[in-house]
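Geometric and topological summary
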Amino acid sequence: LAQCRGSGAGRVAEGHLRQPKLMLSHTSLISAGEGGPQTGTMTECFDCDNCKESLYGRKYIQMDNGPYCIPCYDAHFANTCDECKELIGHDCRVSRGPADKQGQLPRPLLPCSCWLYSQELYYEDRHYHEHCFRCFRCDRSLADEPFTCQGKELLCNDCYCSEFSSKCIACEKTVMPGSRKLEYNGQTWHEHCFICSSCQQPIGSRSFIPDKKDYYCVPCYESKFAPRCTRCKKTLTKGGVTYRDEPWHKECFVCTGCKTPLAGQQFTSQDDNPYCIKCFGNLYAKKCSACTKPITGFGGGKYVSFEDRHWHHNCFNCARCSTSLVGKGFIPDNDQILCRDCSSDL
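This one's a predicted model, so the numbers in the text were calculated from it and none came from an experiment. (Residues numbered from 1 in each chain as written. Predicted model: local features only at pLDDT ≥ 70, side-chain atom pairs only at ≥ 80, totals over all residues. Heavy atoms only, no water.)

**Re the overall build of the chain**
The cut-off we apply is this: Here a helix means four or more residues in a row that DSSP labels H or I, a strand means two or more in a row labelled E, and each is numbered from the N terminus. For every residue, the accessible area (1.4 Å probe, protein chains only) is compared with the maximum for its type, and the residue is labelled buried under 20%, exposed over 50%, or partly exposed between those bounds. Residue contacts follow a heavy-atom distance rule, with two residues in contact if any of their heavy atoms lie within 4.5 Å.
Helix and strand counts for the chain stand at five helices and 27 strands. A burial count over the chain gives 30% of its 346 residues as buried. For the chain, restricting intrachain contacts to residue pairs at least 6 apart in sequence, the fraction spanning at least 24 positions comes to 30%.

**Description of the pattern of salt bridges**
Convention followed: Every case where a carboxyl oxygen of Asp or Glu lies within 4 Å of a side-chain nitrogen of Lys or Arg is listed as a salt bridge.
Tallied over the full model, the rule gives seven salt bridges. A salt bridge links Glu153 to Arg137; its shortest N-O distance comes to 2.6 Å. Of this pair, Glu153 sits in strand 13 (residues 153–156) while Arg137 is found in the loop between strand 11 (126–129) and strand 12 (147–150), placing the two residues 16 residues apart along the sequence. According to the relative accessible area criterion, Arg137 is partly exposed, its value standing at 39%. With a closest N to O distance of 3.3 Å, Glu183 and Lys181 form a salt bridge. Classification of Glu183 as exposed rests on a relative accessible area of 56%.

**Concerning helix 2 (residues 157–164)**
Taken together, the buried positions of helix 2 are occupied by Asn157, Cys159, Tyr160 and Cys161. Residues of helix 2 that are buried make contact with strand 12 and strand 13.

**Digging into the environment of Tyr56**
If you trace the backbone, Tyr56 turns up in the loop between strand 5 (38–40) and strand 6 (59–63). With relative accessibility at 30%, the residue Tyr56 sits in the partly exposed group. Measuring from C-alpha to C-alpha, the distance between Tyr56 and Phe46 comes to 7.0 Å, with 10 residues separating the pair along the chain.

**Details of the side chain of His127**
Here is the rule we go by: Counted as a polar contact is a pair of N or O atoms within 3.5 Å, where, for protein atoms, one must be capable of donating a hydrogen and the other of accepting one, and residues adjacent in sequence contribute only when both atoms are in side chains.
Among the structural elements, His127 can be located in strand 11. Side-chain polar atoms of His127 contact the side chain of Asn79, separated by 3.3 Å. If we ignore the near neighbours within four places in the chain, the residues touching His127 are Asn79, Thr80, Cys81, Asp82, Ile88, Glu120, Leu121 and Tyr122.

**A closer look at the pairing of strand 24 (residues 303–306)**
So the rule is basically this: For two strands to be treated as a pair, DSSP must find at least two bridges joining them.
Where strand 24 and strand 25 (residues 309–312) come together, four bridges link them in antiparallel fashion. In the sheet register, Val304 faces strand 25, and the bridge partner there is Trp311. Hairpin connection, strand 24 to strand 25: the antiparallel pair is bridged by two residues, and Glu307 has positive phi, about 55 degrees.

**Re the packing of aromatic side chains**
Stated precisely, the cut-off is as follows: Classification of ring pairs rests on two measures: the distance between centres of Phe, Tyr or Trp rings, Trp counted by its six-membered ring, which must be within 6.5 Å, and the angle between planes, read as stacked under 30 degrees, edge-to-face over 60 and tilted in between.
Within this structure, the stated rule accounts for 27 aromatic pairs. For the ring pair Tyr275 and Tyr284, a centre distance of 5.4 Å and an interplane angle of 75 degrees mean the geometry is edge-to-face. Put simply, the rings of Tyr184, Trp189, Phe194, Phe208 and Tyr215 pair up and form one aromatic cluster.

**Looking at the nonpolar core**
Let me state the cut-off plainly: What we call a nonpolar core is a set of buried Ala, Val, Leu, Ile, Met, Phe, Trp, Tyr and Cys residues that are connected through their side-chain atoms within 4.5 Å.
One finds Phe133, Cys135, Leu142, Phe147 and Leu154 to be the most contacted residues of the largest nonpolar core, which totals 17 residues. Put simply, the parts of the chain that give this core at least two residues each are strand 10 (120–123), strand 12, strand 13 and helix 2. Membership of the second largest hydrophobic core comes to 13 residues, among which are Cys229, Val241, Leu262 and Cys279.

**Considering the environment of Gln62**
Relative to the helices and strands, Gln62 resides in strand 6. Separated by 11 residues in the primary sequence, Gln62 and Tyr73 place their C-alpha atoms 9.5 Å from one another.

**Observations regarding the environment of Pro227**
Inspection of the secondary structure assignment puts Pro227 in the loop between helix 3 (218–224) and strand 18 (241–243). Look at Pro227 and you get partly exposed, because its relative accessible area is 43%. For the pair Pro227 and Pro247, spaced 20 residues apart in sequence, the C-alpha separation works out to 7.0 Å. With residues near it in sequence (within four places) discarded, Pro227 still touches Lys234, Thr235, Leu236 and Pro247.

**Looking at unusual backbone geometry**
Only a minority of non-glycine residues have a phi that is not negative, and only a minority of peptide bonds are not trans. The phi dihedral of Arg244 is positive, around 55 degrees, even though this residue is not glycine. As for its placement among the helices and strands, Arg244 is situated in the loop between strand 18 and strand 19 (246–248).

**Remarks on the confidence of the model for the chain**
Put simply, the test is: Per-residue confidence from the prediction method is given by pLDDT, with values spanning 0 to 100.
Mean pLDDT for the chain: 75, with 77% of residues reaching 70 or above. Looking at the elements of the chain, mean pLDDT is at its lowest for strand 4 (residues 28–30), recorded as 30, and at its highest for strand 17 (residues 214–217), recorded as 91. Note that pLDDT drops below 50 for residues 1–21; the model gives that stretch 82 contacts with residues more than four away or on any other chain.

**Some thoughts on the side chain of Thr174**
Along the chain, Thr174 turns up in the loop between helix 2 and strand 14 (181–184). Side-chain polar atoms of Thr174 contact the side chain of Lys167, separated by 3.3 Å. Contacts of Thr174, omitting those with residues within four sequence positions, involve Cys161, Ser162, Ser165, Ser166, Lys167 and His190.

**Brief notes about the state of the cysteines**
Just so we agree on the cut-off: The term disulfide is used for any two cysteine sulfur atoms that are within 2.5 Å.
Tallying each qualifying case throughout the model produces zero disulfides. A disulfide-free cysteine, Cys132 has its sulfur positioned 3.8 Å from the sulfur of Cys81, the nearest such atom. Free of any disulfide, Cys220 has its nearest cysteine sulfur in Cys217, 3.4 Å distant.

Here is the structure:
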């Protein structure tokens, strides 16, 4: 049973059995010289250490510093019950059996000659009769029960938990203090009540994903809701890229030719397949008639076409004087192109 914990708590009140040495004074045989022993009373002083009244023939309690009559003992050494405000006197130590006719201590109740004593109980600096140490709500005895001190009130475990503990959002039962629980978004569950909405298994300390009023373990959520990579068909749990409105893992989105990852890089496509710039140029791009390199059009590059030949803008120059012919008239001369000035010299 988990113990409640409030402003003060304990398994049981600290029991304190008051056991003063209760005694009965008596007469003794004393020697009177020749003629044999004679009966007489003790002549030495035997008085209460406080009121100085004689203790002969009376019950008294022997303390370290001397004997005390019962009234003086209760007045000077007894505590006051915090509940009923009565003194917790020597009579807290009372048997539940009948007294002997001769006025001596009560007879034992049990065959083993054990005595049944009432106890003085204390918690922190407060003292109680055993019968006064009870729950402020249900009046249950707390002498052998877990309890909590809430302000000045002593509460049993059940009453404290019913009034102050949170309730499980799933089973609506009290979450006992000290028991294992889970809290999320202001709500509380017993550990065994916080289960995946799909597989119905306890989530425990594992990661979970909320979805409206449902909660899923990661494998179930991925299987049920997470998108799947277009290439490997596995779920995407984080990151990824989108191409043609389809999800891909970053490591799966690679050039169709050289398999270089394309995430964060320039790329183009051919027949819906992605290619890096280099592979696309080598495989599909037109070649410049001057430098023979691919004309991809990336990076703002433009090109000039004439018949079945193509040039980068910066490669479209006169074969003799190297003047740019972009936007100007030119004269083809076999495989070469010439500006008008150079062609007139032929």
